[in-house]
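Okay, here's what each chain looks like letter by letter:
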Amino acid sequence: MLSVQGFDVNSLTPSQRQAVNHKEGALLVLAGPGSGKTRVITQRVAALINSGVRPSNICAITFTNKAADEMGQRIRASTQGGYGVHISTFHSLCMRILRQYPDETGIKSNFSIYDDRDQVSSIKEAIKYCQVDVTNYTPAKMLGVISRFKNDLTRSGDISQETSDYFSQIAGRIYAAYDKVLARNNAMDFDDLLLKAAFLLQEHPEVRQQLSERFRYLLVDEYQDTNHAQYQIAKGLALAHGNICVTGDPDQSIYRWRGADIANILAFEKDWPDAVIVKLEENFRSSGKILSLADRLISVNTKRKEKSLIATRPEGDDVVIKAYDDAEKEARGVAERIRELIETGVDLNEIAVFYRVNSMSRPIEEAFVAEQIPYQVVRGMEFYSRKEIRDVLGYLKLIVNGADNAAFMRAIGTHPRGIGKTTIDRLAEYASGRMISLYEAAGAATSIEMIAKPTGAKLVSFYNMIEGFKKVADSGVGAVIESVFAESGLEASLRADGEKGQSAVENINELITSAAKYDSQAQEGSLLDWLQMIALYSDSDAYDAEVAKVSLMTLHVAKGLEFDNVLIIGLEEGLLPHERSSVSDDELEEERRLFFVGITRARNNLNIYHAKYRMIRGQFLRTIPSKFLYEIGYNPQASYESDFADDFDDDDSQIDGTSTEKFRVNELVCHSKFGTGRVKEFLDLGPNSIVVVTFNTGETKSLMVKYAKLTRAAR
DNA sequence: GTGAATCATCTTTTT
DNA sequence: GATGATTCAC
C-alpha cells in the first residue's frame, strides 16, 4: 500500500492522476512532504514517453545529481527506451549548454569550474587589486555578496558607481575585478554557470529556439529552491512551447540564503496564466504522530500559505524527545538507541542521524566507532576536497586549461621542488606584465631576468612535464592520472611521508579506479569532460542507500530522502535555530522549515535529542533548549531542572567562582569575546540567571550570567 | 631563497 | 580545533 516505487496507475490518487495525465501546457504541483511528488514526476515522464514523445525531447531538472540518477533509473524501469531523457541539475544542464555555444558566449569550452576554495583565492586577488580595507571587505563576505548578485542576474557592470551606496560601489568594483580574474583563468564559478546560461538564453533568441526544439517538455523538481537565475533559465527554455511542469513545497524551502525565492512559485501562475495547479496534500510516508508533530511546528510560521498535512497512515509510535548532559552523552544515547533499533530487526540503511552543522558529526562518529556501528557520513565534497585529490586535480586542470593560474599554483606547490614564494612572486609579476598565464611564463622562465637560471630551469622542466602529460591525455583519464601521479614526484613525496602519505596514496588510487571506470563507460569522455563533471559532483551524490550503514548528514542534505528511523540531534538555541540565522523573522522561519524537513523524512520512528552542555568554539557552555521544542509541545525545562544539580554543580564553581550578579535592562556590559553591548533582557533564575545582550557587533546573545564573565562597562 | 614552525583567526547550510 | 599567514632558521 505504501510502495512509492510501484508504478501501478490504479493506485494513484485522483490528484496524482490529474498531474500525471496533464501533458501539454504549464502545470504547478504543490506537494507536501511524502506526497509522492517525485513519483508523479517520474510517472509523468513515463506517460509522455509512452504516448509517443521522444525521450530526447524531455528535460527533467532535479536538485542533486543523486536525485537525477535515481529518477533516470526509475524512468528506465517503467518505460521502453527511456534512455534519452535528459535528467540533470540546473548546473550540469547549464555547463552543457555553455559548452555547446562557445561562439555566442565567448567562453572557451575548456573552462575550469572553480569550487569554493578556488573562489577564495580568486577573490583575495581581486580584493588586493582593488586596494580596499581588508577588514571590512573579507573574502567570505564578498563572495557572498557577489554570489547574491549573480543569482539575481546582476552583472558587475550593472552596479552603478554613482547611485549606489558606498559599500555597493566597492562591492561592485571587487565583483568586476573578481570577474576579470576568473576570465583570465578561463574559469567559472558555480554561479557563473547559471548566470551565463541565463544571459545566453535571454540575449540569443535563436539559441533559445534551438533549445526549446530540443527540449519540448521541461520538468523541474524542488522548484521552491530555485533562485532567480534558475527561474529565468527554466522560463527561457519553455517560452516557445509552454510545456513546463514544476513541483515544489514552500514549506520545504531551505535555500533562501543561496538566493532561492519562494516568489518563483507565485510568479509561475502569472507567467503561465493557463497553468493548471494540482495540490497533493496527502502524506503517504510518515506515521500519524510524526505528521501531527510536523504540522504543529510548521503552523507557527506566519508567512506561509495555509496547507494541511493529511495523514494516511496509523498513529504509530510515540516520538521520543530526550535531553542529555553533553554532546558526548547525546552521541552515546544515539548509539544506544540505534542498538535497540537493530535488535528489533531494523536495517541499518533505514536509520539516519541529522544535525545542523557538519562539525556535529564528530562525536557521533566517535560513539559509532566505539559501539562498532557501521556508518557513512554524507557530506558535501568530502572526497574531492581532500588535499591529495585536489593536488592531482590541480595538475589535470592545468593540462586542460593552461590559463588556470589557481591550478598552476596548486600543482607547483604539491610538494617541495626548489621553487618557493619569491620565485612565484617574480613569475607572477612577469606574467601579469605581459598579460600571459603563469604557466606560459614558466615555459619561458629561463629568459626572465629576475629569476636565477637554475631556478628558471626548474620552472621550464615543470612546464615540459605538463606538456608531456598532454600527450598521455588521449589514452584515457585513468592513464593520465597514473602518469601524473608517478612522474610529477607526488607519489614519491607521499610515500616518503609515512602512514599519512600511505592513506593519501590509497585515496589517489581510488581516484584512478573511478576514472578508469569512467573511461570504460563514457562513450567519448575526455579529460575535460571528466573534470567538468566531477566539479559538479558532490559526495552526497555518492551516498549509497542500499549499503548496510547508518547515514549521517546535515538537515540540508536530508532533503528529498526518507528513512524508517530518524534521529535529530542538537535542538538548542544557537544551533537549531542557528545563531547566524536568528537575526530576522524570515531566517527564523527558514530554520523552522529546516527542522520540518528533518521531521518529515521519518516514516515510523522519530527521535529528537538535545544536550544541556555543548562545546562551542572550544568553550564548554550551558545551552538553552530550542524554542522549536516548545513549539512541538514539549517542555524541555523539566528535564533541565531535574538532574542539573547532581551533574554539574561541582564543576560550576570551578568554571566560575563569582557569585551571580543581577543585571538591569539597558545596562552597558562588556564581554571578553563579544566586546561591549547593552542588556536587552534579564531572566532572574537565581544561580542560573540568563542575560540577553545585544552587542555592538549587532549580534544578540543569550548568556548564562555565571559563565559569561560579563563586567559592567565603566562609564 | 626555501621550507618548517609558530601564531592568529574564525567557525552554517550547498550546487 | 583546523586552516592560513607570518616569522624564523637554515
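Up top is the structure these notes are about.
Residues numbered from 1 in each chain as written. Chains lettered and ligands numbered in written order. Predicted model: local features only at pLDDT ≥ 70, side-chain atom pairs only at ≥ 80, totals over all residues. Heavy atoms only, no water.

A.B. asks: Before we go on, may I ask you to explain the pairing of strand E15 (residues 563-568) in this structure?
C.D. replies: Along any regular strand the residues' side chains alternate between the sheet's two faces. Of all 6 residues in E15, 5 are buried; the element is thus mostly enclosed. Pairing analysis gives 4 bridges linking strand E12 (residues 351-355) to E15, with the strands arranged parallel. Bridge assignment links Ile351 to a residue of E15, and that residue is Asn565. By the bridge criterion, 5 bridges tie E15 to strand E16 (residues 602-616) in an arrangement that is parallel. If you follow Val566 over to E16, its bridge partner there is Leu606. (Buried < 20%, exposed > 50% of the residue type's maximum accessible area, 1.4 Å probe, protein only. Helix = DSSP H or I, 4+ residues; strand = E, 2+ residues; numbered from the N terminus. Pairing = 2+ DSSP bridges.)

A.B. asks: Just to check I follow, could you spell out unusual backbone geometry for this structure?
C.D. replies: A cis amide bond links Leu576 with the next residue in sequence, Pro577, at an omega value of 5 degrees. Structurally, Pro577 can be placed in the loop between E15 and helix H26 (585-599). Non-glycine residue Gln372 carries a positive phi angle of around 55 degrees. Mapping Gln372 onto the fold places it in the loop between helix H15 (361-371) and strand E13 (375-378). You will see that Met435, though not glycine, has its phi angle at about 60 degrees, which is positive. Of note, Met435 is situated in the loop between helix H18 (421-434) and helix H19 (438-443).

A.B. asks: Got a minute to help me understand helix H20 (residues 453-472) in this structure?
C.D. replies: Every α-helix carries 3.6 residues per turn, so stepping three or four residues along brings you back to the same face. Its 20 residues give H20 an end-to-end C-alpha distance of 29 Å, which sits within 8% of 28 Å, the value for a rise of 1.5 Å per residue. Thr455, Gly456, Leu459, Val460, Phe462, Met465, Ile466 and Phe469 are the residues of H20 that are buried. Summarising the contacts, the buried residues of H20 are in contact with helix H16 (387-400), helix H17 (405-412), H18, H19 and helix H21 (477-487). (Expected span 1.5 Å × (residues − 1). Contact = heavy atoms within 4.5 Å.)

A.B. asks: I keep staring at the sheet that holds strand E2 (residues 58-62) and nothing clicks. Help me out?
C.D. replies: Remark on secondary structure: sheet strands pair via backbone hydrogen bonds, oriented parallel or antiparallel. Strand order in this open sheet of 6 strands is E3-E2-E6-E7-E1-E8, and the pairing throughout is parallel. Both outer strands of the open sheet, strand E3 (86-89) and strand E8 (276-280), are each paired with one neighbouring strand and no more. Across the sheet, the mean angle from the axis of one strand to that of its neighbour is 15 degrees, orientation sign disregarded. Pairing between strand E6 (residues 217-220) and strand E7 (residues 244-248): 3 bridges, direction parallel. What sits directly across from Leu219, in E7, is Cys245. (Axes fitted to C-alpha atoms, helices over the stretch in contact; angles between N-to-C directions.)

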